[in-house]
Amino acid sequence: MKLLVTGGAGFIGSNFILYWLSKYPQDKIVNFDKLTYAGNLENLKSVEKNPNYEFVQGDICNHELTNQLTNSVDIIIHFAAESHVDRSIMDPAPFIKTNIEGTYVLLEAALKNKVRFHHVSTDEVFGALELNSKEKFNDTTPYNPHSPYSASKASSDHLVRSYFDTYDLPITISNCSNNFGSYQFPEKLIPLAITNIVEGKKIPVYGDGLYVRDWLYVDDHCRAIDLIIQKGQIGKTYLVGGLTEDISNIEIIKKILKIMDKNENLIEYVKDRPGHDRRYAIDWSTINKELGWKPEHNFDDYLKMTIDWYVKNQDWWKRIKTGEYQKYYEKQYK
Ligand SMILES: NC(=O)c1ccc[n+]([C@@H]2O[C@H](COP(=O)([O-])OP(=O)(O)OC[C@H]3O[C@@H](n4cnc5c(N)ncnc54)[C@H](O)[C@@H]3O)[C@@H](O)[C@H]2O)c1
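Here is what the cut-offs are and how they apply
Residues numbered from 1 in each chain as written. Predicted model: local features only at pLDDT ≥ 70, side-chain atom pairs only at ≥ 80, totals over all residues. Heavy atoms only, no water. Near = heavy atom within 4 Å. Polar contact = N/O pair within 3.5 Å; in protein donor to acceptor, adjacent residues only side chain to side chain. Areas by Shrake-Rupley, 256 points an atom, 1.4 Å probe, with all protein chains shown as cover. Helix = DSSP H or I, 4+ residues; strand = E, 2+ residues; numbered from the N terminus. Nonpolar A, V, L, I, M, F, W, Y, C, P; charged D, E, K, R; others polar. Buried < 20%, exposed > 50% of the residue type's maximum accessible area, 1.4 Å probe, protein only. Pairing = 2+ DSSP bridges. Right-handed = clockwise from strand over helix to strand, strands pointing away.

A. Region of the structure containing the site of the ligand. The environment of the ligand is made up of 28 residues, and the closest members are Ile 12, Asp 33, Ser 83, Tyr 149 and Lys 153. Measuring from an oxygen atom of the ligand, one finds a backbone N or O atom of Ile 12 at 2.8 Å. Contact distances for the ligand include 2.7 Å between an oxygen atom and a side-chain N or O atom of Ser 83. For the ligand, the protein covers 96% of the area, taking 830 Å² as the surface of the free molecule. At the level of elements, helix H1 (11–23), strand E5 (116–122) and helix H5 (148–167) are the ones that each hand at least two residues to the shell around the ligand. The residue inventory of the shell around the ligand, partitioned by class, reads 12 nonpolar, 12 polar and four charged.

B. Expanded view of the pairing of E5. Within E5, seven of the seven residues are buried, which leaves it mostly tucked inside the rest of the structure. The alternating pattern of E5 places Arg 116, His 118, Val 120 and Thr 122 and Phe 117, His 119 and Ser 121 on opposite faces, both of which are buried. Sheet topology note: the strand E4 (residues 75–78)/E5 ladder contains four bridges and is parallel. Counted as the bridge partner of Ile 77 is His 118 from E5. In the sheet, E5 pairs with strand E6 (residues 171–176) via six bridges, with the strands oriented parallel. Bridging from a neighbouring strand, His 119 pairs with Ile 173 of E6. A crossover links E5 with its parallel partner E6, the connecting element being H5, and its sense is right-handed.

Listed below in structure tokens is the structure:
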């Protein structure tokens, strides 16, 4: 099989490429990525000389290039996106462009070249749940996005579904919860906390810190996408989540501090994000029943593994914090 992976230099995309090439070494992967601030080819150092791996720098909004790359593949796995909510609040324009227009350009290329399409999306399209309720997002939850990021992802989901309904394009969609694990850009909660602790800096926590997310370990996510690609029902959307029972951001920070043997006085409460969703929780029973997927370990074990990874790979994230990582492409590929 030959896969076109968009956004493969980002956090989840690069984990997915490493996962796929180690599980299916005979398959070919083209990594199509614009290399925005979030793209880091250093994540893929271990496969860059693999003859079954190719990197192409480019924008998914470029019709010609997208069409050309789609021409020779069996499936598109679409990760490329602007993905950070805070950045979407400051400037929604790139979110509209990449997440909506870029998805449309890819869908057109998939249609023209008769290529299967898997779209990676988020639970944020469903809006927010009440704190302390037992409710979870499920297969029938209506869309109700609150940030420019989630609104742009919701729009892309609708477009993908419409290409199935209107043109019979073979698509699948996964809406997953917050991911964590290795190679996550250190602007996101868990890697920001760990790396700041290592550097002896304060850990910023929004508002009262009582925001609840449903944490999904990135390898579990990659396995879920694998199963959907191999056995998922065409036209269907699968919800993918973790094993956390309503754990708040502040509890996570306290767990990290405890594991790293540091004092809670490193916590610094900062002004809240506007429109901040209180709680997300995912009912992933459909993918469990249909495809046999479930997370492999519990949250605490994954959190320890993640802390361990960031402590051992300080070179990787320090090169991000200094901006050095952005020179890697020029040295290796130009
Ligand atoms: N990280 C999470 O917790 C999470 C949760 C749910 C869903 N998702 C979704 O999963 C996907 C991947 O998320 P991530 O956290 O790995 O994101 P990321 O920000 O780490 O990576 C995004 C990648 O897309 C690339 N990109 C951006 N614009 C592009 C364009 N116009 N053309 C080509 N490439 C472009 C970037 O260079 C980067 O490598 C996204 O679609 C996101 O919405 C992420």
